[in-house]
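# A closer look at the structure
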Amino acid sequence: MRSKKRYGINIEVIFRLIFLLGFTTFFYVVIKNRTVQYYVHPRIIPYMKFGIFSFILMSLFFIEELFKTRRKNTRLVNYIFFFIPLFTSFISPPKSINPASISLNNINKNNISSNSFVKDSNIGSEENDDIISDLPSDKSVFYNNIANDKKDQLVLQGNVIVIDDDNFIPWLDELYMNMIEYEGEEIEMIGFVLKDSEFKQNEFVIARLMMVCCAADTQAVGFLCNYDKASELKGDSWIKVKGFLKTIELNKEKIPIIEIKDIENIDKPENEFIYPY
Amino acid sequence: MKTQIDIFTGFLGSGKTSMINEMLEEYIVYEEKIVIIQCETGEEEIKDDFINNRNIIVYKLPKEKPLDNLYIKEIAEKYSPHRIIIEQNGMDSLDKLLNKLNHKGMRKYFVTNTIVNVIDCRKFHMLMGIVGDNLMTQIVYSDIVILNYGDKVTAEELKKIKRKVKIINKSGSIIDFESIGSFKEYIDEDRKEKWIKKSSDKLSLLMLTCIAIYLFLNIFKAIDLVNLNVDFSKFHILNTIFIGILIESFPFLIIGVLISSLIQIFVTRDMIVKYFPKNKVLSFLMAIVGGVFFPVCDCAIVPVVSRLVKKGVPLYAAVTFMLAAPIVNPIVIASTYYAFPGQPSIVLFRLLIGIVVAVVSGLIFLIFPENEGISIKNLDSQYNCSCIYCNGYRIDKGIKGKISVIFKHAGEEFFDVGKFLIIGALLASIFQVMIPKSILENVSNLEVTSILIMMIIAFLFSVCSSSDAFIARSFSNQFSMNSIMGFMVLGPMVDIKNLLMLSESFNKRFIVKLLFIVFNIAFSAICFFTILFF
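Because the structure is predicted, anything quoted here is derived from the model rather than measured.

Right, let's get into the overall build of chain A. A tally of helices and strands in chain A yields nine helices and seven strands. Counting across all 277 residues of chain A, residues that qualify as buried make up 58%. In chain A, the proportion of contacts linking residues at least 24 apart, taken out of those at least 6 apart, comes to 71%. Accessible surface for chain A amounts to roughly 11800 Å². Of this, 52% is attributable to carbon and sulfur atoms.

Printed below as a string of structure tokens:
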């Protein structure tokens, strides 16, 4: 065997160190810049910290392998896969997703009510009667029982329903479920403008993005609005609306609609997402 | 210049000495000074021609004397050779020798060059059974594995051996000695070429890809972005979903590989045999209850299950555990309850159907058992793992050594399995972005089709089991409850991400079988429940 060039250091370990430290840096940077909210629910952050901790420990232990030229022979090409996420995450910084283009559960007239938290009618078809009949017949009573903690948040502020990040989901459920009770009430909320080609000229949806776990399960939820100058609103722009609640029938189903009284443009809130839990 | 050290390993009678002779024949022309240290002597001797050559010195290590650094240094000082060839005793640990050579004082003067393992094909399987541990280590470290006496076994046998060697050592050259004319040719030309292919080529390929993407992006930016807005935002969403899935699953994967390493190091096969319930009913029960105490995402479960199977847990129990754990896990139950508040029956049905599917799938694997030796890669040496750190572990016991091995092993596995996680996450996010939701609206009124569609979607989207209930809920208006149940039952059990991760340890046949069984049973169970309850 002729002298063959052999590096004094273990290339595989170098690769590993690069990727371990790369992921560590990435995790650290997204947590530090708070861009992490575009990717995952804040509840995941402690897990990410655990991840950082483990990555660093692993790297420390791998360092001592660095100069051991003994190696398990593996294909280095495998490491290309680890390169992909690191690369894409750095070249494509986490800007807010253009909400209207989220194709997963894109809101439209047909499914807007399906995005409500609890169904107001029997789920799907009559086949589910058995399930439903297990439940107390008066659904609002029943709902009060199981979600008392949420109900506490549903307080009207001087006859106005003011929806903010914390009570968005409970209110959404409440309004979709007991819309009759709230008909005519004044409502105030912020959200972004969501438009769809199926909407009428005077309609748009005021929506928020709901994230359960990570970006993969982000969905837009919100209310249909009726506004004369809806066509003047720019999609994805953030607005604050005031209006009255009404109900309309859509695809044989009643859904709440906000009759807009007042609209103002606002800046994008610090956290665009709302979290069901 | 540092002295090169070549190591020949192999068991007695495998033909190490003949190989060295063969090699010397080719390289004598270079007039290098070569010292040969023979740690064992079999029938074959170094040829007299070489012994008489002044450039070649042969040392025979006395039996009781261990090969240590001092000895090698002495020789090096005495002759200052270009090359030392160590013919190692097959029963000695190659690992120990390499550790010695890696010692700081040694690295200054020596560089370990090529490690050659000579295998006697006739005895391969026998040796694997008796001293598999040692044989695996030898193969793992080798740059060249020479299959000797390949003509003495059947062609099929030879193929089998080749495949096994390939699994253990993924990148070394495997040479069938009988089929090549000259050793030199192979090593000189092919090997050099292969080496380039191996790393520098790949590195440069990597570099080129980076540059290409960088260029592409710059051009992309330079072009009027407004026109390309749609594509770009899709890529953006794809990337956000992709990274989101990864950020979420990496910590869980780490938990999984850490648990797997703990099992690897602290749980022996004997313990499993001893303590794992012999009673089949009990073992099923244990598999299901085990899931309750394993409240992690479904991606953490794959490394743990693979490790358990390698440690000797019966396949049917492992399958049941793997399928049940993501559904009976408390976090998942809680999130299902959150997603469908006021409908505990949904939580109940999900649990019930999930457990039924898990148990029935397990039963099928119990009734029609798979050959574990075939289903699971790297099972050859029954108690050993092919990663080098675990072998090293035998040398440095003690708390510090153990912790170090746990993390190294976990790191090794993280990279082995993580690769599949990344591919899976990428595929899942591509499906999420590319599959238009309008397809769903069209099929939602067809009962059976919609169940199937929802199951396929669950499979393709690979949403984490702790959050899929919320996705399911968003479909609840368009789809009937039973198809949503299909989504929630199948999703955590098998999805693209998990199956890819499984392929690190299991063969394709097993994975396809698992997929079919689970899919069929989940489908039947849901139809059954529909008729019964809905």
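What follows picks up the thread again.
Here we come to the packing of helix α13 (residues 315-328) of chain B against helix α14 (residues 330-339) of chain B. All names here are of chain B. The interhelical angle for the contact between α13 and α14, taken along N-to-C directions, is 45°, at an axis separation of 5 Å. Between α13 and α14, the angle is such that the two are oblique. Of the residues in α14, those touching α13 at P326, I327 and V328 are P330, V332 and I333. Of the residues assigned to the contact of α13 with α14, the class counts are six nonpolar, no polar and no charged.

This part is about unusual backbone geometry. Its identity as a non-glycine residue notwithstanding, R34(A) has a phi of 60°, on the positive side. Looking at where R34(A) falls in the secondary structure, it is placed in the loop between α1 (11-32) and α2 (36-39). Even without a glycine there, the phi angle at S80(B) is positive, about 35°. Tracing the backbone shows S80(B) in the loop between α3 (69-79) and β4 (83-87). According to the relative accessible area criterion, S80(B) is exposed, its value standing at 54%.

Attention now moves to the packing of aromatic side chains. Following the criterion strictly, the structure yields 32 aromatic pairs over all chains and no others. Here F23(A) and F55(A) contribute two aromatic rings whose centre-to-centre distance is 6.0 Å and whose plane-to-plane angle is 25°, an arrangement assigned as stacked. A residue pair is termed long-range when its members are at least 10 positions apart, and F23(A) in helix α1 and F55(A) in helix α3 (residues 45-63) qualify at 32 residues. Taken as a pair, F23(A) and F55(A) share a single burial class, namely buried. Seen from their ring centres, F528(B) and F529(B) are 6.2 Å apart, and the 80° between their planes marks the pair as edge-to-face. A cation sits over an aromatic face here: R122(B) above Y149(B), 4.0 Å from the ring centre.

With that out of the way, let us pick up the pattern of salt bridges. Under the defined criterion, the tally for this structure stands at 11 salt bridges over all chains. Its salt-bridge partner being R208(A), residue D165(A) comes within 2.9 Å of it at the nearest N-O pair. On the criterion of sequence distance, the pair formed by D165(A) in the loop between β1 (160-163) and α8 (168-177) and R208(A) in strand β3 (residues 203-210) is long-range, its members being 43 residues apart. Given a relative accessible area of 31%, D165(A) falls into the partly exposed group. With relative accessibility at 1%, the residue R208(A) sits in the buried group. Among the charged side chains, a network of salt bridges with common partners joins D120(B), R122(B) and K123(B).

Bringing the nonpolar core into the picture now. Core analysis: the biggest nonpolar cluster contains 186 residues, and F204(A), F250(B) and F414(B) have the highest contact counts within it. By residue number, the principal contributor to this core is helix α9 (residues 229-266) of chain B, which donates 17 residues. Those residues in contact with F414(B), other than ones at most four positions away along the chain, are L20(A), F55(A), F82(A), F250(B), L253(B), I254(B), V257(B) and K419(B). If you look at the next biggest cluster of nonpolar residues, it comprises 42 residues, including I75(B), V131(B), Y141(B) and V165(B).

So, about the sheet that holds β4(B). Residue and element names in this part refer to chain B. Strand order in the open sheet formed by seven strands is β3-β2-β4-β1-β5-β6-β7, with parallel pairing between adjacent strands. The open sheet has two edge strands with one neighbour each: β3 (56-60) and β7 (173-176). Direction aside, the axes of adjacent strands within the sheet are offset by 20° on average. Bridging between strand β2 (residues 34-38) and β3 involves five bridges; their strand directions are parallel. Following the sheet pairing, I37 is matched in β3 by Y59. On top of the sheet, helix α4 (residues 94-101) reaches β1 (3-9), β4 and β5 (110-120); it is set at about 175° to β1, its chief contact. Across the face of the sheet, helix α6 (residues 124-141) comes into contact with β1, β5 and β6 (144-148) while running at roughly 160° to β5.

Counting through the fold element by element, K497(B) comes out in helix α23 (residues 496-502). If near-sequence neighbours (up to four positions away) are discounted, K497(B) is found in contact with I245(B), C299(B), L421(B), G424(B), A425(B) and S462(B).

When a strand is regular, its side chains alternate between the sheet's two faces. All names here are of chain A. Counting buried positions along strand β4 (residues 219-226) gives eight out of eight residues, so the element sits mostly inside the fold. Sheet analysis places β3 next to β4, joined by eight bridges and oriented antiparallel. When the bridges of β4 are listed, L209 appears paired with A220.

Moving on: helix α15 (residues 344-367) of chain B. For α15(B), which comprises 24 residues, the first-to-last C-alpha distance of 34 Å matches the rise-based estimate of 34 Å (1.5 Å per residue) to within 8%. Where α15(B) is concerned, the buried positions are S345(B), I346(B), V347(B), F349(B), R350(B), I353(B), G354(B), V357(B), A358(B), S361(B), G362(B) and F365(B).

Right, let's get into the environment of I435(B). Residues and elements named next belong to chain B. The topology assignment puts I435 in the loop between α18 (399-434) and α19 (438-443). Taking the C-alpha atoms as reference points, I435 and I457, 22 residues apart in sequence, are found 9.5 Å from one another. Those residues within four positions of I435 in sequence are excluded, and the remaining contacts are L460 and F461.

All names here are of chain A. Running from N to C, α1 and helix α4 (residues 80-91) point in directions that differ by 30°, and their axes come no closer than 11 Å. With respect to each other, α1 and α4 are oriented roughly parallel. Here α1 runs over α4; the crossing is left-handed. Contacts from F19, G22, F23 and F26 in α1 reach F82, F83, P85, L86, S89 and F90 in α4.

Turning our eyes to something else, we now look at the environment of R83(B). All names here are of chain B. By the element assignment, R83 lies in strand β4. What makes R83 buried here is its relative accessible area of 2%. Spatially, the C-alpha atom of R83 lies 9.3 Å from that of N113, the residues being 30 residues apart in sequence.

Glancing now at the side chain of N117(B). Residue and element names in this part refer to chain B. Mapped onto the elements, N117 comes out in strand β5. A polar atom in the side chain of N117 sits 2.8 Å from the side chain of T9. Those residues in contact with N117, other than ones at most four positions away along the chain, are T9, G10, L135, Q138, I139, S142, I144, V145 and I146.

Another aspect to go through is a nonpolar patch on the surface. A grouping of L282(B), L285(B), V289(B), V292(B) and F293(B) is seen on the molecular surface, where their side chains present a nonpolar patch of about 480 Å² in accessible area. Mapping V289(B) onto the fold places it in helix α11 (residues 280-292).

Residues and elements named next belong to chain B. Within β6, five of the five residues are buried, which leaves it mostly tucked inside the rest of the structure. Side chains I144, I146 and N148 project from β6 onto one buried face, and the interleaved V145 and L147 project onto a second face that is buried too. As paired strands, β5 and β6 are joined by five bridges and run parallel to one another. By the bridge assignment, N117 is partnered in β6 with V145. Handedness of the crossover is the feature at issue here: the chain leaves β5, passes through α6, returns alongside β6, and the resulting connection is right-handed.

All names here are of chain A. For chain A, per-residue confidence averages 72 on the pLDDT scale, and residues scoring 70 or more make up 71% of the total. The secondary structure element of chain A with the lowest average pLDDT is helix α5 (residues 129-134), at 33, and the one with the highest is α3, at 91. Long-range and interchain partners of residues 1-6, a stretch whose pLDDT sits below 50, account for 27 contacts in this model, where long-range means more than four residues apart. Below a pLDDT of 50 lies the segment residues 98-150, which in the model reaches 142 contacts outside its immediate sequence neighbourhood of four places, other chains included.

Cut-offs and rules
Residues numbered from 1 in each chain as written. Chains lettered and ligands numbered in written order. Predicted model: local features only at pLDDT ≥ 70, side-chain atom pairs only at ≥ 80, totals over all residues. Heavy atoms only, no water. Helix = DSSP H or I, 4+ residues; strand = E, 2+ residues; numbered from the N terminus. Buried < 20%, exposed > 50% of the residue type's maximum accessible area, 1.4 Å probe, protein only. Contact = heavy atoms within 4.5 Å. Areas by Shrake-Rupley, 256 points an atom, 1.4 Å probe, with all protein chains shown as cover. Axes fitted to C-alpha atoms, helices over the stretch in contact; angles between N-to-C directions. Parallel < 35°, antiparallel > 145°, perpendicular 65-115°, else oblique. Nonpolar A, V, L, I, M, F, W, Y, C, P; charged D, E, K, R; others polar. Phe/Tyr/Trp six-rings, centres within 6.5 Å; stacked < 30°, edge-to-face > 60°. Lys NZ or Arg CZ within 6 Å of the ring centre and 35° of its normal. Salt bridge = Lys/Arg side-chain N within 4 Å of Asp/Glu carboxyl O. Core = buried A, V, L, I, M, F, W, Y, C linked by side-chain atoms within 4.5 Å. Pairing = 2+ DSSP bridges. Expected span 1.5 Å × (residues − 1). Left-handed = near helix turned anticlockwise from the far one by under 90°. Polar contact = N/O pair within 3.5 Å; in protein donor to acceptor, adjacent residues only side chain to side chain. Patch = residues over 30% accessible without salt bridge, like charges linked within 9 Å, V, L, I, M, F, W, Y side chains within 5 Å. Right-handed = clockwise from strand over helix to strand, strands pointing away. pLDDT = per-residue confidence, 0-100.

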